[in-house]
Amino acid sequence: MLLATRPLLKDRNLSINGKEALKDVPENIVVMPLTDTSAFVGATSPHASSRHVFKLGVIKDVRLLCLFRFKLWWMIPRTGSSASDIPLETQMLLLKARQGPTSSQSTYIIFLPVLDGNFRSSLQGNSSDELEFCVKSGDPAVVTSESPKAVFVNYGDHPFDLVKDSMMILEKQFGTFALRETKQTPGMLDWFGWCTWDAFYSDVNPQGIKDGLMSLSQGGTPARFLLIDDGWQDTINEFLEQGEPFVDGLQFRSRLANIKENKKFRRIANEANSKTPSDLKEFISDIRTFDLKYVYVWHALLGCWGGLVPNAVATKNYDPKLRYPILSPVYLANMRDISMDSMGKYGICLVDPDKISQFYDDLHGYLASQDVDGVKVDAQNILETISAGLGGRVSLTRRFQQALEGSIAANFSDNSIICCMAQSTDSIYHLKQSAVSRASDDFYPKEPTTWARHVAAVAFNSILHGELVVPDWDMFYAWHDILLFIFIPRAVGGCGVYVCDKPGRHDFKILQRLVLPDGSVLRAKYPGRPSRDCLFTDPVTDGKSLLKIWNLNKCTGVIGIFNCQGSWPVPSTNKAFQMVTSSELSGQVSPACVEYLEEVIGLLWTGECAVFSFKTGGVSR
């Protein structure tokens, strides 16, 4: 098939801008041109199925970057030089094509597996260095024999422009998502925040929240944004023995019994002399005296981790039914986690999809009546595991995401939602209104081996994620032994800044470098991403590379330099691959590492810069 435009399939080779992208392309592959630089690539099969794996062609001797799901919920990067380096569940593939002897400019080629009808696609490589794509519906009853628009391909000479241009094209093609700069940005992003999770876990309580807000205020970094995490809801955990101490993982067995708050935040009739607030509204009114601007609360996509209590008076109108997640072979090949294992064992009581809009509207309408300003919505990718018999994963995700965003718009005034555990493209390509979403696995304060890879993962994931949302870097500890290493990425990340310390445990000397006395934060302009010369290196396990994260502010450029050498998690082993390296690394850094400087400096700029060092306080020209 010959294209009139630049992506060209000829003699079983796919060439883009004169550069060979794929060799030995099978005959069942089809190419549909879009623009002068882009096309859809798909395939046909002689039989219909709910899942297909198609070979696309051979990739060898290139520099490549993959963003792939190593868990059901989360992505991490991987670099390599051939298709055999491309993991299962790759959701973005970026190639740097080989330069010819007369070429002085690099060509970058991007492959984006997308949603084609009711089917979701992902990329993977095999041992023969063949790039493959897998398409699946998640429902044995939803089948197809062709997927002509499974993978989007584009090229350009600037990697960040290429990703942006590609998402602009796909936005127009699909109409199911919108770009970050077109969305209303929640106001909480510009104010310092505190999340209750690591401070209290599910034992969060009114007095503890007051103590935390008081502690931060007295230290000169007052929280203006509060996130009351898991533990405020009225839930039942039928699998928890009475008196059993909290162990991480027990919360994933809980089911929602009522959309209202639990007895820690609501006084019952015979507690007239109790210090417990009469209801959530009274408590929020009380803590507003700390000059809080935004109060968010947590809930899972299905209400709680285990869904809804099936026979409770307050939930029966939503007709919840117990379903057990079906884990695909790909998920079983990648890394398991405690949340998925728990939900798989104990099941999930799913709201009837026909009543999900009613459920969200009731929940958010009640929260708004209690003066809650917004929500963090967790466990969003769970739908792909329970979509059999419900039209498949793409269709089910679309229904829930549209209902969720519709309810947010109807009940809250500031596009007030933080999405979480939502890094599958099922969710990513349905982010029509949501403007903030978590960009990586959690920050685990008690697991030092995860700290470095957390920073690297968010930065690399933001290459894709940052075109649609403001990436959320998660909460962090403001008293940690390695505080600066965790703190500085938030300064260059363009993200919200919120901590999760226990009351009284804060390093205010460090916090005051980013949090102003009025509680506002100095937030950079764009999502923080790796510098161009870091894109195809592995700053976590190659033993030699530094990670540089660039951004802009209103006046100039900023760049953070990090030694992230440590370990990546290895899918299918639940272990980590670790590279032993020296404690010191050296590398090149210059203002040229910062993209788009001309946006803030202006047309008269000659290229000269003065560089201020955060660590030394020195300035160099």
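A quick note: this is a predicted structure, and the numbers were derived from the prediction, not measured.

Thresholds applied
- Residues numbered from 1 in each chain as written.
- Predicted model: local features only at pLDDT ≥ 70, side-chain atom pairs only at ≥ 80, totals over all residues.
- Heavy atoms only, no water.
- Domains from an automatic or database assignment.
- Contact = heavy atoms within 4.5 Å.
- Buried area = accessible area lost by both parts, 1.4 Å probe.
- pLDDT = per-residue confidence, 0-100.
- Salt bridge = Lys/Arg side-chain N within 4 Å of Asp/Glu carboxyl O.
- Helix = DSSP H or I, 4+ residues; strand = E, 2+ residues; numbered from the N terminus.
- Buried < 20%, exposed > 50% of the residue type's maximum accessible area, 1.4 Å probe, protein only.
- Pairing = 2+ DSSP bridges.
- Axes fitted to C-alpha atoms, helices over the stretch in contact; angles between N-to-C directions.
- Patch = residues over 30% accessible without salt bridge, like charges linked within 9 Å, V, L, I, M, F, W, Y side chains within 5 Å.
- Areas by Shrake-Rupley, 256 points an atom, 1.4 Å probe, with all protein chains shown as cover.
- Disulfide = S-S within 2.5 Å.
- 1 Å grid on protein atoms, 1.4 Å probe; cavity = no way out; pocket = protein on both sides within 12 Å on 5 of 7 lines; lining within 4 Å.
- Points joined across faces, edges and corners; volume = space filled by probe spheres on them.
- Nonpolar A, V, L, I, M, F, W, Y, C, P; charged D, E, K, R; others polar.
- Parallel < 35°, antiparallel > 145°, perpendicular 65-115°, else oblique.
- Left-handed = near helix turned anticlockwise from the far one by under 90°.
- Phe/Tyr/Trp six-rings, centres within 6.5 Å; stacked < 30°, edge-to-face > 60°.
- Lys NZ or Arg CZ within 6 Å of the ring centre and 35° of its normal.

Observations regarding the domain arrangement of the protein
Consideration 1: As assigned here, the protein comprises domain 1 (8-175) and domain 2 (191-238 + 251-328 + 348-438).
Consideration 2: Summarising the inter-unit geometry, the C-alpha centres of domain 1 and domain 2 are found 36 Å apart.
Consideration 3: Taken together, the 24 residues of domain 1 in the interface contact 28 residues of domain 2.
Consideration 4: The junction of domain 1 with domain 2 conceals about 2000 Å² of combined surface from both sides, 59% of it contributed by carbon and sulfur atoms.
Consideration 5: On the domain 1 side of the interface with domain 2, the three residues burying the most area are Trp-73, Trp-74 and Leu-115, jointly 32% of the side's total.

Some words on the confidence of the model for the protein
Consideration 1: Confidence in the prediction of the protein, expressed as mean pLDDT, is 92, and 94% of residues score 70 or more.
Consideration 2: Counting contacts from residues 1-5, a segment whose pLDDT is below 50, to residues more than four positions away or on other chains yields ten contacts.

Quick word on the pattern of salt bridges
Consideration 1: Summed over all chains, the structure comprises 28 salt bridges.
Consideration 2: Salt-bridge contacts for Glu-238 lead to Arg-255; the nearest nitrogen and oxygen are separated by 3.7 Å. Within this pair, whereas Glu-238 is found in the loop between strand 17 (233-236) and strand 18 (255-261), its partner Arg-255 is found in strand 18, the two being separated by 17 residues in sequence.
Consideration 3: Judged by relative accessible area, Glu-238 falls into the exposed class, the value being 57%.
Consideration 4: In this structure, the salt-bridge partner of Asp-319 is Lys-321, at a minimum N-O distance of 2.4 Å.
Consideration 5: Beyond isolated ion pairs, a larger network of salt bridges with shared partners links Arg-69, Glu-89, Arg-120, Lys-136, Glu-384, Arg-393 and Asp-426.

Digging into the environment of Asp-518
Consideration 1: Inspection of the secondary structure assignment puts Asp-518 in the loop between helix 12 (508-511) and strand 27 (529-530).
Consideration 2: Owing to a relative accessible area of 40%, Asp-518 belongs among the partly exposed residues under this scheme.
Consideration 3: When the C-alpha atoms of Asp-518 and Ala-97 are compared, they prove to be 49 Å apart, with 421 residues separating the residues in sequence.
Consideration 4: Excluding residues within four positions of it along the chain, Asp-518 makes contact with Trp-191, Pro-222 and Arg-224.

Observations concerning the sheet that holds strand 2 (residues 13-16)
Sheet strands line up and pair through hydrogen bonds in the backbone, either parallel or antiparallel.
Consideration 1: The three strands lie next to each other as 1-2-3, forming an open sheet whose pairing is antiparallel. Every interior strand has two partners, whereas the edge strands, strand 1 (8-10) and strand 3 (19-22), have only one. Averaged over neighbouring strand pairs, the angle between their axes works out to 40° when direction is ignored.
Consideration 2: Here strand 1 runs beside strand 2; their pairing, made up of three bridges, is antiparallel. Its bridge partner lying in strand 2, Leu-9 is registered against Leu-14.

A look at a nonpolar patch on the surface
Consideration 1: Together, Leu-484, Phe-612, Phe-614 and Val-619 line one region of the surface with nonpolar side chains, adding up to about 410 Å² of accessible area.
Consideration 2: Looking at the element boundaries, Val-619 is found in strand 33 (residues 619-620).
Consideration 3: Look at Val-619 and you get exposed, because its relative accessible area is 63%.

Details of the state of the cysteines
Consideration 1: All chains considered together, the criterion is met by zero disulfides.
Consideration 2: For Cys-195, which is in no disulfide, the shortest distance to another cysteine sulfur is to Cys-500 and amounts to 6.6 Å.
Consideration 3: Cys-195 sits in the buried class, given a relative accessible area of 0%.
Consideration 4: Considering cysteine sulfurs only, Cys-419 is the nearest to Cys-420, which forms no disulfide, with 8.8 Å between them.
Consideration 5: Residue Cys-420 is classed as buried on the basis of its relative accessible area, which comes to 1%.

Thoughts on the side chain of Gln-124
Consideration 1: Structurally, the position occupied by Gln-124 is in strand 12 (residues 119-125).
Consideration 2: By relative accessible area, Gln-124 is classed as buried at 7%.
Consideration 3: Not counting residues up to four positions away in its chain, the partners in contact with Gln-124 are Val-53, Ile-86, Pro-87, Leu-88, Glu-130, Leu-131, Glu-132 and Cys-134.

Regarding the layout of surface pockets
Consideration 1: Volume-wise, the largest pocket comes out at about 1600 Å³.
Consideration 2: Around the largest pocket sit 45 residues that line it, and Ile-559, Gly-560, Phe-612, Ser-613 and Phe-614 are the ones nearest its centre.
Consideration 3: At the level of secondary structure, the elements contributing two or more residues to the lining of the largest pocket comprise helix 11 (483-492), strand 28 (547-552), strand 29 (557-562) and strand 32 (611-612).
Consideration 4: Its residues assigned to classes, the lining of the largest pocket shows 26 nonpolar, 14 polar and five charged.

Section: the packing of helix 3 (residues 206-218) against helix 4 (residues 280-287)
Consideration 1: Where helix 3 meets helix 4, the axes come as close as 11 Å, and the angle between the chain directions of the two elements is 15°. Comparing their axes, helix 4 and helix 3 come out roughly parallel. Considering the relative orientation of helix 3 and helix 4, their crossing is right-handed. Residue-level contacts link Pro-206, Ile-209, Lys-210 and Leu-213 of helix 3 to Phe-283, Asp-286 and Ile-287 of helix 4.

A look at the sheet that holds strand 29
Consideration 1: Taken in spatial order, the three strands of this open sheet run 27-28-29, and their pairing is antiparallel. Pairing within the sheet leaves two strands with one partner each, and these edge strands are strand 27 and strand 29.
Consideration 2: In terms of strand pairing, strand 27 meets strand 28 through two bridges, oriented antiparallel. Residue pairing across strands places Arg-529 opposite Trp-550, the latter belonging to strand 28.
Consideration 3: Against the sheet, helix 11 touches strand 28 and strand 29, its axis set at about 155° to strand 29.

So, the packing of aromatic side chains
Consideration 1: Considering all chains together, one arrives at 21 aromatic pairs under this definition.
Consideration 2: Measuring from ring centre to ring centre gives 6.0 Å for Phe-40 and Phe-152, while their planes differ by 70°; the resulting arrangement is edge-to-face. Within this pair, whereas Phe-40 is found in strand 5 (residues 39-49), its partner Phe-152 is found in strand 14 (residues 144-156), the two being separated by 112 residues in sequence. Residue Phe-40 shares its accessibility class with Phe-152, and that shared class is buried.
Consideration 3: Seen in terms of ring centroids, Phe-160 and Trp-550 are 5.3 Å apart; in terms of plane orientation they differ by 70°. Their pairing is edge-to-face. Of this pair, Phe-160 sits in helix 1 (residues 159-174) while Trp-550 is found in strand 28, placing the two residues 390 residues apart along the sequence. When sorted by exposure, Phe-160 lands in the same class as Trp-550, which is buried.
Consideration 4: Here the aromatic cluster, defined as three or more aromatic residues joined through ring pairs, consists of Phe-160, Tyr-526, Trp-550 and Tyr-596.
Consideration 5: Between the NZ or CZ atom of Lys-293 and the centre of the ring of Trp-191, over which it lies, the distance is 4.6 Å.

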